[in-house]
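Listed here are the chains, written in short residue letters.
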Amino acid sequence: MFRALSPLAAFVRFFARVVVGAVGAVLALAGLMLMLGFALFGVAVALVLVAWARLRGRPAPPVRFRWRQSWERRGRFSAGFGRRGRGASAPRREGVDEVVDVEFTERHKPDAGAPKRLE
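Residues numbered from 1 in each chain as written. Predicted model: local features only at pLDDT ≥ 70, side-chain atom pairs only at ≥ 80, totals over all residues. Heavy atoms only, no water.

A. Just the overall build of the protein chain, in detail. Counting its regular elements, the protein chain contains 2 helices and 0 strands. For the protein chain, buried positions account for 1% of its 119 residues. When the accessible area of the protein chain is evaluated, it comes to approximately 12900 Å², of which 63% is carbon and sulfur surface. (Helix = DSSP H or I, 4+ residues; strand = E, 2+ residues; numbered from the N terminus. Buried < 20%, exposed > 50% of the residue type's maximum accessible area, 1.4 Å probe, protein only. Areas by Shrake-Rupley, 256 points an atom, 1.4 Å probe, with all protein chains shown as cover.)

What follows is the structure, encoded as C-alpha cells:
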C-alpha cells in the first residue's frame, strides 16, 4: 500500500516544510512590525498635535473615531432611526406665527494681540 520514501525524498520534504514554516514566520513578524509601526506613528502624531495645541494656549483637539460603512457614504440608511433623510423637511403649520424668547449672553472677540505663552 504505502511505499517507503527514499532518504533523499524524505530530506526534500522536510526541507520544504522548514522553508515554508520559516517564510510564514517571517511574514507574520513583518506584518506585526508593520502594524506596531503604524500604531506608534499614530500615537506620535497625536502627541505632537496635543503638544502644539498646548504650546499655543489652546485646548487639545477633540478625538473622533468613526468607521463609516460604504452604504452610509451613499446615503442609504444614513438618517438613522427617528430622523428625517436629506430630502425631507420639517412639517410646517401654515398661519401660525410664533415668537421664540431666548436668553443669551454676548461673547466678545479676544484681543488681536500676541498669544499667551506658557511659563
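B. Inspection of the packing of aromatic side chains at higher detail. On inspection of all chains with the given rule, the structure shows 1 aromatic pair. Ring geometry for Phe-11 and Phe-15: centres 6.3 Å apart, planes at 20 degrees, overall stacked. Of this pair, Phe-11 and Phe-15 both sit in helix H1 (residues 7–55), separated by 4 residues, roughly a single helical turn. (Phe/Tyr/Trp six-rings, centres within 6.5 Å; stacked < 30°, edge-to-face > 60°.)

C. Structural detail: the environment of Pro-61. Positionally, Pro-61 belongs in the loop between H1 and helix H2 (70–74). On the basis of relative accessible area, Pro-61 is assigned to the partly exposed category, the value being 41%. Sequence separation of Pro-61 and Val-50 is 11 residues, and the distance between their C-alpha atoms is 7.0 Å. For Pro-61, the residues in contact, after removing those within four places along its chain, are Leu-49 and Ala-53. (Contact = heavy atoms within 4.5 Å.)

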